[in-house]
Each structure stands twice: as structure tokens, then as C-alpha cells.
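Coordinate analysis (summary)
Take a look at the letters that make up each chain.
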Amino acid sequence: MKILVTFAEVAAVADNFEIEDGAVADRYLEYDLNEWDEYALEAAVSLREEGIAEEVVTVTIGPERSADTIRMALAKGADRAIRIWDDDLRGDPLEDVSTRAALMAPVVEAEAPTLVLSGVQAADDGYGSTGVSLARTLGWQWGAVVNDFTLDREADSVRVRRELEGGIEEITTLSLPAVLTIQTGINDPRYASLRGLQEAQAQEIDVQSPAELGVWADRLEPRLERGELTEPPSRGDTEYVEGDPPEQATAIADRLLEAGVVQE
Amino acid sequence: MSDVLAVVEHRRGEIRDVSLELLGAGADLADDLDGELHVAVIGGNAEAIADRLDRDGVDVIHTIADGAEFNHDVYVQAVGALYEALEPAVVLTPHTVNALDYVPAVAVDLDLPLVTDVIDMEVSDEGLQTTRSLYESKIDATVTITERPCVVTLRPGEWARATGVGSVPVEDFEFELDESAVGSRVEGFEEAGTGDVDVTAADFLIGVGRGIGEAENLSVIEDLAAVTDATIAASRPLVDNGWFDTSRQVGQSGKTVSPDVYLAVGISGAVQHVAGIKGADTIIAVNTDPHAPIFDIADQAIVGDLFDVIPELTEQLR
């Protein structure tokens, strides 16, 4: 069987950044493979190593810059990579999760995997909706926030453990094919080896445009508009402790004494 | 088309607190839209749960009997059917694990724009203007939904709970469930973790996060805990690394704690973690990143290196 992994290149802001004209300048952004998707990729590669899957293919929506991240995924064991892009996707179209699902669905249909694995959410925008939107667009079953799963090929099903709030887990059986959104902690993602990274440099990434995938411009008309970015309002009564480490430690000690959780 | 449909969440017969926040937010939004607030309870003992939703601002409660517990296939069909019957302007749900499991499918089925994890919203001439957190809560962004109807999920803890007792009609909503489209089967629930310590009972809790770097650095925290008789808790990444048992995980998917003091060390303050510590009387945070969102909720903020500050604190208290 084949497993397809959707993963995103995500941006993180540097510790010291500034918002200029309502946006974060690119020089303050660092791009990386989305943490949740790393766990999804590791789950897929492990299944191939166990002989349960034959091939692991990744799909990413992203500009040429994201090729670096895609090669990281190849170095971690993916067999092939597909990148979806067109400059028309810059800006607002990808704010709408259904657009991402519409772009990925033709790739899934063409590849016809048994399982699609996706991270629960992207670290930068945190919509947490791509996997389930994709499943529904395909008419497949799905499981969200999965922290363990077991395939039953004879029954054509997958048994998933879903992590609910407050330390409760739900156990659910789904029919295949299915999309699972993978929670962190499900495994121990491997590091990319130097040799793997070198080999990944030589691998071809299959780039496909929305038009090639049969997703036309009207589907990309934004229904959501990203406005200005701002720093979150502070609660206002936070006491910032200035000084060197001994002075800062003294301030904490005073608070602990005041609260009565330590004694003099 | 100006009504709001709020779909509440319950588990094992209990209404979840986020549902009361949803009613508060839904009532405000319905007021702004000059419409009514319709509330849906799906599955479980819907009628008993409906009694707890009889709050000011709610206009009608719809109970849908299908399903003993949450099942995403049933929820997708039920919300779709109720949507068709009511034609609301906005569908609201709490932003929870179960919402992540069915709301995107509802939006696809109904071809509605979806915005999740919203922390504020306002009706404007351009549409429904929402506010969301980006980049691990370091930045807020406005996202305007230019089409109505739409679907929105609300971050727990951001809205006041609806209060008061109204006199709200409860109506049983019936629809024909397509059993052949139910491809998932919920088999049961289990408690996570083996539980080597009860972090919810601690008066002084030291929470450790990713800033600690390596497992061997934990001795810095253990020394402080030994001197102060504190209990150590952890944020999710450290539990994922296998450095702590799940029972020590604090946050949305772990434990909710309410100590006298929560000392957050090397914790950035991801929303999932913050959800678990809001009940602390005093929050003290030590982090090198001046933009760490933990500082937004801390009573005392130390922008500094934990490896300088914590050993010094241990020595002072020894």
C-alpha cells in the first residue's frame, strides 16, 4: 500500500522581531518543516520499514523556497515529493482551508494511497483543519488528533486512538481509505542523516500548478481576507523584573515567600 | 439570514464548560447581527443537557437524539440538516478536539468559509472580522470572512460564560440519519497515563518547557524542587520526548492545575499549555524570549536565562 503525507513549510518569528506596516518582514521569519507533520512523516516511513507500506509520497503547497523543507522530508525517508504552486496562490487564497483541500484532493486521487497522514495543525497559522477538509472533499473517512493507530488490512479498517482534552482518549475504528491527523508524541521523529540530505539534493520534486491539477481560478477566489498583524495586548498588570540574575532570583524568592509556598 | 447556530459540546453526559462560553459569545454575536441565537445539542442525553443551556440570550434550544456519544459522521449530518432548516448566518462551535474532528467536514459539505480558533470577533461592513493568533501566539491577525453564512470555532477561555436563567423553548429536531454514511465507530474511552504524581494537588508547581534544552539539564529544576518541596510538571514537548510521564503534563490535553504558585520555566506559553494554568493564583515566568506569550498572562515576568536565574534562586532559598 501507499501512504501519502501532507506537510507544510511553516514560518516562525525570531525572538526579536518588529511588525512593520501591519506585517512581519521576511527577515524576521525562519522557515522549517511543520513539527506535527514530522510525526506524520515518521509514522509513514516506519510503516514502510516494517514492510506494511511500499511507498511514502509527500505533498506540499508552497513556493520554490519550500523545496529546502521538502528535501528535508526526502532525507527523512520519503520516496517521492510533489509540490503544488502557482504565484496566484500568494496572499489570501490559502487562508481558506477548503482551497488547500481542493488543491490536494486531485493529487490524492491520482496517487490513490490507502492512507493519508497529516499533522494536526500547522505551527504558524494553527487552523487545524486541512486533514479533515481533505478527507471530506475526497469522500473518505478520517480521524483527527490521533496519537496511535493500528491498521487492519483484512478488515480494511484502521483503529485510532484520539486524544481528547483532560487526559481522556477515545478509541474509534474507521474504514479505509482514510485521512488521519497526527498528534505530536506518537513516535520519535528521526533526524535527517548527512548522507540522506546529500541524496535528497539530487531527487526531483514534481511541481504541479493548480491548473494542471484541474483546480481553476474561481476555486481560488478568497472568501477570507487577512488583515493587519499586531502584537497581542498585554494583560497590563504583569510585573517585569529588571536587573541581573541574582536580583531577578531575589524577586522570585520574595513572591514565593509572599505566597506562602516557601518559608524563610 | 441573521441568526446564529451554536453547537454545544458534551461528554459522558456532562456539558463542557466551553459550551457556556459559546452561548455567551453566541448571544453577543446574535445581538450584533440583529438575529436569534439557536443552540443545538446532539446525541447523549440531549434533553437533560438542554436544561443547563437555558440561559439569557438563548432563543431556542434544538435537541437531536441521534448517537449516545460524539461520532463525527452523525454530527456532520445533524449539523448539516439543522443548518438547512434554520439557514443561520453563522455556525459557532467551541475550538476543541471534537470540533477539529467534524467542523471542517461541515464547512466542506455546506461550502462555507471556515475560521478556527478565534479569540475575538466583530461584525463590520466588510463581513465578520475575526481575530486569531499566529506564530505560536506571538502575533494576532485579523481575518475577515467576506461571505456569510460561515463557520467559526472559538478558542476556549476567551469569552464570559452565559449567565442567568431564561425561559427558552426546547424543540426536538428530527432528521433522517443516513446510516450507510456512518463509517466510523466509537468503541470507548480510556484515561491516558499511568500517574506517578498528582500535579493537581500541588501548592507550588514548577512547570518545565522546551527551554530546558536537554534531559540532563533537568537537574537544575530538580535541585530547586528539592529545596522548595515543589512538584515538577511539564509542557507537552517534554512529555512527547519521554522525559516525563503523561500524568505530569499540564495543558489542554493534560491536567488543569490551580496551585498557589505556578513557576513556568522555559515555557513559551502555547495556548494549549496556558489553558491548563489559568487557575493558578500566581504565575511567575522565566524565559529568554521577551515576546513569549507566557508573559501576557504572568503576574511576574523574568526575561532571562533560566540557567542563570534558577540556580541562583535555588541558592538563595537553600
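In this report, the structure presented in the accompanying data block is examined.

So, how was this worked out
- Residues numbered from 1 in each chain as written.
- Chains lettered and ligands numbered in written order.
- Predicted model: local features only at pLDDT ≥ 70, side-chain atom pairs only at ≥ 80, totals over all residues.
- Heavy atoms only, no water.
- Helix = DSSP H or I, 4+ residues; strand = E, 2+ residues; numbered from the N terminus.
- Buried < 20%, exposed > 50% of the residue type's maximum accessible area, 1.4 Å probe, protein only.
- Contact = heavy atoms within 4.5 Å.
- Areas by Shrake-Rupley, 256 points an atom, 1.4 Å probe, with all protein chains shown as cover.
- Lys, Arg positive; Asp, Glu negative; His and termini not counted.
- Charge placed at Lys NZ, Arg CZ, Asp CG, Glu CD.
- Axes fitted to C-alpha atoms, helices over the stretch in contact; angles between N-to-C directions.
- Parallel < 35°, antiparallel > 145°, perpendicular 65-115°, else oblique.
- Left-handed = near helix turned anticlockwise from the far one by under 90°.
- Nonpolar A, V, L, I, M, F, W, Y, C, P; charged D, E, K, R; others polar.
- Core = buried A, V, L, I, M, F, W, Y, C linked by side-chain atoms within 4.5 Å.
- Expected span 1.5 Å × (residues − 1).
- Salt bridge = Lys/Arg side-chain N within 4 Å of Asp/Glu carboxyl O.
- Buried area = accessible area lost by both parts, 1.4 Å probe.
- Polar contact = N/O pair within 3.5 Å; in protein donor to acceptor, adjacent residues only side chain to side chain.

1. Some remarks on the overall build of chain A
Secondary structure summary: chain A contains 6 helices and 15 strands in total. For chain A, the spread of C-alpha atoms along the principal axes amounts to about 65 × 45 × 40 Å. When each of the 264 residues of chain A is scored for burial, the buried share is 60%. Across chain A, every contact between residues at least 6 apart in sequence was considered, and the portion connecting residues at least 24 apart equals 69%. Summing over all exposed atoms, chain A offers an accessible surface of approximately 11300 Å²; the carbon and sulfur share of this is 44%. Across chain A, 22 positive and 55 negative side-chain charges occur, with their mean positions spaced 6 Å apart.

2. Digging into the packing of helix α3 (residues 72-86) of chain B against helix α4 (residues 97-110) of chain B
All names here are of chain B. Two elements in contact, α3 and α4, have axes separated by 9 Å at closest approach and are oriented at 45 degrees. Accordingly, the angle class assigned to the pair α3 and α4 is oblique. In this structure, the crossing between α3 and α4 has a hand that is right-handed. Within the contact between the two elements, α3 uses His72, Tyr75, Val76, Val79, Gly80, Tyr83 and Glu84 and α4 uses Asp101, Tyr102, Ala105, Val106, Asp109 and Leu110. Residues that form the contact of α3 with α4 fall into these classes: 8 nonpolar, 2 polar and 3 charged.

3. Concerning the nonpolar core
Ile61(A), Ile84(A), Leu103(A), Leu134(A), Val7(B) and Tyr102(B) are the most contacted members of the largest nonpolar core, which has 64 residues in total. Counting residues per element, this core draws most heavily on α4(B), at 9 residues. Setting aside residues up to four positions removed in sequence, Tyr102(B) forms contacts with Val7(B), Phe70(B), His72(B), Tyr75(B), Val76(B), Val79(B) and Thr93(B). In this structure, Ala27(B), Ala89(B), Val90(B) and Met121(B) belong to the second largest nonpolar core, which totals 39 residues.

4. Some words on helix α6 (residues 245-259) of chain A
With 15 residues, α6(A) extends 21 Å from end C-alpha to end C-alpha; this agrees with the ideal 21 Å at 1.5 Å per step. Among the residues of α6(A), those classed as buried are Gln248(A), Ala249(A), Ala251(A), Ile252(A), Ala253(A) and Leu256(A). On its buried side, α6(A) packs onto β13 (204-208), β15 (261-265), β16 (282-287), β17 (300-303) and α9 (306-317) of chain B. Where α6(A) terminates, the next one or two residues include Gly260(A), which has phi positive at roughly 80 degrees.

5. Some details on helix α4 (residues 130-138) of chain A
Burial runs high along α4(A): 7 of the 9 residues are buried. Its buried side turned inward, α4(A) meets β1 (2-6), α3 (97-111), β8 (115-119), β9 (141-152) and β12 (178-182) of chain A together with α4 of chain B. Immediately beyond the C-terminal end of α4(A), within one or two residues, lies Gly139(A), with a positive phi of roughly 80 degrees.

6. Concerning the pattern of salt bridges
If you walk through the whole model with that rule in mind, you get 34 salt bridges over all chains. Residue Lys2(A) is joined to Glu111(A) by a salt bridge in which the shortest nitrogen-to-oxygen separation is 2.7 Å. Placement of the pair is Lys2(A) in strand β1 and Glu111(A) in helix α3, with a sequence separation of 109 residues. Taken as a pair, Lys2(A) and Glu111(A) share a single burial class, namely buried. Among the ionic pairs, Asp17(B) bridges to Arg161(B), the shortest N-O distance being 3.4 Å. Pair noted here: Asp17(B) is in helix α1 (residues 17-33) and Arg161(B) is in the loop between β10 (150-154) and β11 (170-172), with a separation of 144 residues, a long-range link.

7. Focus on the packing of α3(A) against α4(A)
Residues and elements named next belong to chain A. Contact pair α3 / α4: the axes reach a minimum separation of 8 Å and the direction vectors enclose 55 degrees. Taken together, α3 and α4 sit at an angle that is classed as oblique. Every pair of crossing elements has a handedness; the one defined by α3 and α4 is right-handed. Between α3 and α4, the contacting residues are Val97, Arg100, Ala101, Met104, Ala105, Val108 and Glu109 on the first element and Thr130, Ser133, Leu134, Thr137 and Leu138 on the second. Partitioning the contact of α3 with α4 into residue classes produces 7 nonpolar, 3 polar and 2 charged.

8. Some words on unusual backbone geometry
Glycine aside, a negative phi is what most residues show, and trans is what most peptide bonds show. Pro177(A) follows Leu176(A) through a cis peptide bond whose omega is 0 degrees. The residue Pro177(A) is located in the loop between β11 (168-175) and β12 in this model. In this model, Arg148(B) is joined to Pro149(B) through a cis peptide bond whose omega is 5 degrees. As for its placement among the helices and strands, Pro149(B) is situated in the loop between β9 (139-145) and β10. Positioned with a positive phi, Asp34(B) is a non-glycine residue whose angle comes to about 60 degrees.

9. Regarding the interface of chain B and chain A
Facing 86 residues of chain B, the contacting portion of chain A comprises 82 residues. Note on chain B versus chain A: buried area summed over both sides is about 7300 Å², and carbon and sulfur give 52% of it. Broken down residue by residue, the surface that chain B buries against chain A is led by Val97(B), Tyr135(B) and Gln300(B), which jointly contribute 9%. The tally of links between chain B and chain A comes to 10 salt bridges. Among the salt bridges present, the one from Arg11(B) reaches Glu165(A), with a minimum N-O distance of 2.9 Å. In this assembly, chain B and chain A are joined by 46 residue pairs in polar contact (both at pLDDT 80 or more).

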